[in-house]
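Report on the structure
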Amino acid sequence: MDVVVALLALFFVLCVAAGVVLTVKATRAVKRGVERTVADTRRTVQETTLRARRAVQPGAAGDIAGLRLSLRNSIDATRRELEHAVQGDPGLRESIGLLDRLHEYARQVDGELRHLEREPDKSRVAERLPELRGRAERIAQSANSLRWAAQDRARHTAEDEDGLDALTTQIDLETGALRHWTPAAGQETAPGAAPSEAPSEASSGEKARPADSAGRSPKQQPALSSGGTSEGQDAFQALLSKIEKMRKPESA
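How each quantity is defined
Residues numbered from 1 in each chain as written. Predicted model: local features only at pLDDT ≥ 70, side-chain atom pairs only at ≥ 80, totals over all residues. Heavy atoms only, no water. Helix = DSSP H or I, 4+ residues; strand = E, 2+ residues; numbered from the N terminus. Buried < 20%, exposed > 50% of the residue type's maximum accessible area, 1.4 Å probe, protein only. Contact = heavy atoms within 4.5 Å. Areas by Shrake-Rupley, 256 points an atom, 1.4 Å probe, with all protein chains shown as cover. Salt bridge = Lys/Arg side-chain N within 4 Å of Asp/Glu carboxyl O. Axes fitted to C-alpha atoms, helices over the stretch in contact; angles between N-to-C directions. Parallel < 35°, antiparallel > 145°, perpendicular 65-115°, else oblique. Left-handed = near helix turned anticlockwise from the far one by under 90°. Nonpolar A, V, L, I, M, F, W, Y, C, P; charged D, E, K, R; others polar. Patch = residues over 30% accessible without salt bridge, like charges linked within 9 Å, V, L, I, M, F, W, Y side chains within 5 Å. Lys, Arg positive; Asp, Glu negative; His and termini not counted. Charge placed at Lys NZ, Arg CZ, Asp CG, Glu CD. Core = buried A, V, L, I, M, F, W, Y, C linked by side-chain atoms within 4.5 Å. pLDDT = per-residue confidence, 0-100. Expected span 1.5 Å × (residues − 1).

What follows is about the overall build of the chain. Across its full length, the chain holds eight helices and zero strands. Moving toward the C terminus, one meets the helices and strands of the chain in the order α-α-α-α-α-α-α-α. Per-residue burial for the chain yields a buried fraction of 17% across its 252 residues. Put simply, of all contacts in the chain between residues at least 6 apart along the chain, 60% involve residues at least 24 apart. A total of about 19600 Å² of accessible surface is found on the chain, and carbon and sulfur atoms cover 58% of it.

Here you go:
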């Protein structure tokens, strides 16, 4: 009885532990989904705001908004490209690590540009903006180069695997051979012509032998002249001997 109670208690504890683990995993998954949704929403709002500032505000404010927007677009586009390409090419994992390091510099520049937007001193903005523009352009150019290199790598890899050039050459050779078709030697005769016959020596010899006066074929003549087979000859000799024995008493 004690063993049954202990097993039931153990089973209850395991069920409770499994329920707690599943609840924690579900909570974390929901939390990650909510955080991802919030981050995407915040990013969308920020990008929309930057586009509006770039289009509406002239001067330094519009330039700062354009720099921040181009920096974000370059980093995000490169990350999407690398994460998609790394599924078929694990060698690009190192490129994702380089992009992560580059993203840290982009965040620093974006933070400085965001602070510069709120700077009331126009001279300070004019002094800091060229240096930040140069850094932002260098980061964006590096991200674009990394993305374009991944695209070229994927394109060359696809061409090497498919062998499109070799396949095209093989198809050209095959189509040329099909267009210049030549009939075989046995198909050159006319459809109505009778096929040529080449009789063998045995058949020609049999046709040359005429039948005898009794209409027997040449194959039957040796059998009749020799008295048939050996069994027939023995039976014939036995019959003749019986006839001779029957005639001897009559003659006596």
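Don't stop here, the text continues.
Our focus in this paragraph is the environment of I75. The topology assignment puts I75 in helix α2 (residues 60–85). Linking I75 and A106, residues 31 residues apart in sequence, is a C-alpha distance of 8.1 Å. Residues in contact with I75, not counting those within four places in the same chain, are L99, L102, H103, A106, I139 and A143.

With that settled, consider the pattern of salt bridges. Once the charged atoms of two side chains with opposite charge are near each other, the side chains can pair. Taken as a whole, this structure holds eleven salt bridges when the rule is applied. Note that D110 and R72 form a salt bridge whose closest N and O atoms lie 3.8 Å from each other. Within this pair, whereas D110 is found in helix α3 (residues 93–117), its partner R72 is found in helix α2, the two being separated by 38 residues in sequence. Accessibility classification places D110 together with R72 in one group, the buried group.

The next subject is the environment of I64. Along the chain, I64 falls in helix α2. Leave out the neighbours within four places in its chain, and I64 touches L113, L116, E117, V125 and L129.

What follows covers the packing of α2 against α3. Where α2 meets α3, the closest approach of the two axes is 10 Å, and the angle between their N-to-C directions is 165 degrees. As far as their axial angle goes, α3 and α2 are roughly antiparallel. As α2 runs across α3, the sense of the crossing is left-handed. Of the residues belonging to the contact of α2 with α3, the class tally is 13 nonpolar, three polar and eight charged.

Where like charges cluster on the molecular surface, the positive patch consists of R28, K31, R32 and R36. With respect to the helices and strands, K31 occurs in helix α1 (residues 2–56).

So, about the nonpolar core. If you look at the biggest cluster of nonpolar residues, it comprises 24 residues, and the most contacted ones within it are L71, I75 and I139. Broken down by secondary-structure element, the contributors of at least two residues to this core are α2, α3 and α4 (122–162). Residue contributions to this core peak at nine residues, all from α4.

Moving on, we come to the confidence of the model for the chain. With 70% of its residues at a pLDDT of 70 or more, the chain shows a mean pLDDT of 75. Within the chain, the element-level pLDDT minimum falls on helix α7 (residues 221–225), averaging 43, and the maximum on α3, averaging 91. Every residue in residues 189–228 is under pLDDT 50, and counting partners more than four places away or in other chains gives eleven contacts.

A few words now on the side chain of S95. Within the secondary structure layout, S95 lies in helix α3. Contacts of S95, omitting those with residues within four sequence positions, involve L82 and L146.

Turning our attention to α3. Between its first and last C-alpha, α3 extends 36 Å over 25 residues, near the 36 Å set by a 1.5 Å rise per residue. Of the positions making up α3, those classed as buried are S95, I96, L99, L102, H103, A106, V109, D110, G111, L113 and L116.

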